[in-house]
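Descriptive analysis of the structure
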Amino acid sequence: RRRLRAAEPLIERFSSVMKDKYRILDKFRIMAAALDPIAAEVDADTFKGIKDNRDSFFHAMKTDPGALPVEPARRLLRKYLRLHLDRATSRRATTA
C-alpha cells in the first residue's frame, strides 16, 4: 500500500491526462483485474466477443438481433456488479 500512496500523484496526473481516452475494452480489463484477477483475462475475451457482435450490429447492421449475445452480457454484468457491491459492503463494514 505504501508504494501505491507514493505513486498517487502520478496516477492522478495520468488519469487527468488520459481522461476519456481509454477504450471500453481497456476499461473492462482494468475493472475485471481489480475485482476478479483470476478470471479477468477470460472475462475480457468474453467481453470483447460481446462488443464485437454489438459493433457489427450497430455499425454495419450485419448481425441478426436475435443472435446477439445477450445472456453472456447479462452474466458479466451480474458478476461484476455483485463483486463490486460485495467489495463496497465489506469496506463499509470494516470502517464502521
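Please read all numbers here as calculations on a predicted model, not as lab measurements.

Take the packing of helix H2 (residues 24-35) against helix H3 (residues 40-60) next. At their nearest, the axes of H2 and H3 sit 9 Å apart, and the two run at 155 degrees to each other. Here H2 lies roughly antiparallel to H3, going by the angle between them. The interaxial crossing formed by H2 with H3 has right-handed handedness. Each of Ile24, Leu25, Phe28, Arg29, Ala32 and Ala33 in H2 lies in contact with H3, whose residues at this interface are Ala40, Asp43, Ala44, Asp45, Phe47, Lys48 and Lys51. Looking at the contact of H2 with H3 residue by residue, the classes come out as 8 nonpolar, no polar and 5 charged.

Here we take up H3. An ideal rise of 1.5 Å per residue puts 30 Å on 21 residues; H3 measures up with 29 Å between its terminal C-alpha atoms. Downstream of H3 by one or two residues, Met61 has phi in the positive range, about 55 degrees.

This part takes up the confidence of the model for the protein chain. Of the residues in the protein chain, 91% reach a pLDDT of 70 or more, and the chain-wide mean stands at 85. Taken element by element, the protein chain is modelled with least confidence in helix H1 (residues 2-17), mean pLDDT 73, and with most confidence in H2, mean pLDDT 93.

Formed by Leu25, Phe28, Ala32, Leu35, Ala40, Ala44, Phe47, Ile50, Leu76 and Tyr80, the largest nonpolar core amounts to 10 residues. Only H2, H3 and helix H4 (70-95) provide two or more residues apiece to this core.

With that out of the way, let us pick up the pattern of salt bridges. Under the defined criterion, the tally for this structure stands at 7 salt bridges. Here Lys51 ties to Asp55 by a salt bridge, and the two come within 2.4 Å at their closest N and O atoms. Of this pair, Lys51 and Asp55 both sit in helix H3, 4 residues apart, roughly one helical turn. According to the relative accessible area criterion, Lys51 is partly exposed, its value standing at 27%. For Asp55, a relative accessible area of 18% puts it in the buried group. Glu71 serves as the salt-bridge partner of Arg74, at 3.6 Å between the closest nitrogen and oxygen. Highlighted residues: Arg74 and Glu71, both in helix H4, separated by 3 residues, approximately one helical turn. Overlapping salt bridges bring together Asp36, Asp43 and Lys79 as one network.

Another aspect to go through is H2. Compared with the 16 Å implied by 1.5 Å per residue over 12 residues, the 16 Å span of H2 between its first and last C-alpha is a close match. Taken residue by residue, H2 has Leu25, Phe28, Ala32 and Leu35 as its buried positions. All buried residues of H2 lie within an arc of 100 degrees about the axis, which places them on one face of the element.

Criteria and thresholds
Residues numbered from 1 in each chain as written. Predicted model: local features only at pLDDT ≥ 70, side-chain atom pairs only at ≥ 80, totals over all residues. Heavy atoms only, no water. Axes fitted to C-alpha atoms, helices over the stretch in contact; angles between N-to-C directions. Helix = DSSP H or I, 4+ residues; strand = E, 2+ residues; numbered from the N terminus. Parallel < 35°, antiparallel > 145°, perpendicular 65-115°, else oblique. Left-handed = near helix turned anticlockwise from the far one by under 90°. Contact = heavy atoms within 4.5 Å. Nonpolar A, V, L, I, M, F, W, Y, C, P; charged D, E, K, R; others polar. Expected span 1.5 Å × (residues − 1). pLDDT = per-residue confidence, 0-100. Core = buried A, V, L, I, M, F, W, Y, C linked by side-chain atoms within 4.5 Å. Buried < 20%, exposed > 50% of the residue type's maximum accessible area, 1.4 Å probe, protein only. Salt bridge = Lys/Arg side-chain N within 4 Å of Asp/Glu carboxyl O. Arc of directions from axis to C-beta.

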